[in-house]
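Structure assessment
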Amino acid sequence: MTDSHFHIMEMKAKGMDPEILFSILKEHRAGTVLDAGVVVDDFQERLKWRDFCDNLWFSAGIHPNIPVSECPEGFETILEEQVAHPLVKAVGETGLDFFREHSGPDDQYRLLNLQYDLSKKAGKPLIFHIRNAAAEMETWISERDFPQGAVLHCFPGGISLARLALEKGFHISFAGNVTFKNAQEIREALAVVPLDRLLLETDAPYLAPHPKRGRTNHPGMIGWTYELVAEEKGVSVEDLIIQASGNLNRLLHLD
């Protein structure tokens, strides 16, 4: 099974041993997995985990909750160099998050525009994080084109946002929260996403799927998400695994 989005360093911070985790994934012949960037400071340490997993790839980016004042001097150049690394196949995660107040709108738009420009320059897809900012992101997305591709990660729900993303050629990725009993809006959006634009992720260590909700998440828990999505889409889990794997590999230009 592929996992299109998780965070190695944050899993490690919660007490997981990535070496053991990747050994298990390798033993079970896991598909492509992507470690998503949220800061520029830990990039070299993240890359070291590639030694334990040949199917591990990376994105480079700065999360919208990171204030510009907390970024290192010259972070624009640092990020551009990271995006150019051959193991980096995507840019982000970036976007807008108005749920928390760690970073103001000006900083968030500055980082969003920077990463959009880097994505286009590098020809690598952009990974979007959206929380409590669907209307603002719809406006921003509608004014731009995305020849390099893009993905709405951990899709927050909303038919309008889903349809716009599909019109722009995006992939849409569903995480463990699609399995929650109160996630009807997310599952309604899932219904309009064609199989060839569908991705699945853990967003580990966050959003463990039902029935593990509330626990520390990891890629080994993604099976529950595949089972729920397969049932909702009316396909077998085996066919969904093949489809999602092909979708992610094409998006990241791994074919």
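Presented here is an overview of the structure given in this document.

Quick notes on the rules
Residue numbering note: each chain is counted from 1, following its sequence as written. Residues qualify for local features only when their pLDDT is at least 70, as the model is predicted, and side-chain atom pairs are given and counted only at 80 or more; totals for whole chains, interfaces and linings, by contrast, use all residues. To get the side-chain values, all heavy atoms of the structure are used, and hydrogens and water are removed first. Per the convention used, a helix needs a DSSP run of H or I reaching at least four residues, while a strand needs a run of E reaching at least two, with both numbered from the N terminus. When checking whether two residues touch, look at their non-hydrogen atoms; a contact exists if any pair is within 4.5 Å. Methods summary: accessible areas were calculated by the Shrake-Rupley approach with a probe of 1.4 Å, and residue burial reflects only the protein chains presented. Neither His nor the chain termini are counted; the positive set is Lys and Arg, and the negative set is Asp and Glu. By convention, the point assigned to a charge is CZ for Arg, NZ for Lys, CD for Glu and CG for Asp. Relative accessible area decides the class of each residue, using a 1.4 Å probe on protein chains only: under 20% of the type maximum gives buried, over 50% gives exposed, and in between gives partly exposed. Pairing between two strands is assigned when DSSP locates at least 2 bridges connecting them. With its strands directed away from the observer, a crossover is right-handed exactly when the path from the first strand over the helix to the second travels clockwise.

1. Overview of the overall build of the chain
Within the chain, the secondary structure is distributed over ten helices and eight strands. Long-range pairs, those at least 24 residues apart, make up 71% of the contacts in the chain between residues at least 6 apart in sequence. When the accessible surface of the chain is split by element, carbon and sulfur atoms take 49% of a total near 11300 Å². Of the side-chain charges in the chain, 25 are positive and 38 negative, and the distance between the mean point of each set is 3 Å.

2. A word on the pairing of strand 7 (residues 171-174)
Neither face of strand 7 is open: one carries H171 and S173, the other I172 and F174, and all of them are buried. In the sheet, strand 6 (residues 150-152) pairs with strand 7 via two bridges, with the strands oriented parallel. Residue pairing across strands places L152 opposite I172, the latter belonging to strand 7. Note on the crossover from strand 6 through helix 7 (residues 159-167) to strand 7: the handedness is right-handed. As paired elements, strand 7 and strand 8 (residues 198-200) share three bridges and run parallel to each other. Across the sheet, F174 pairs through a bridge with L200, a residue of strand 8. Once the chain exits strand 7 it traverses helix 8 (residues 184-190) before rejoining the sheet at strand 8, and the crossover so formed is right-handed.

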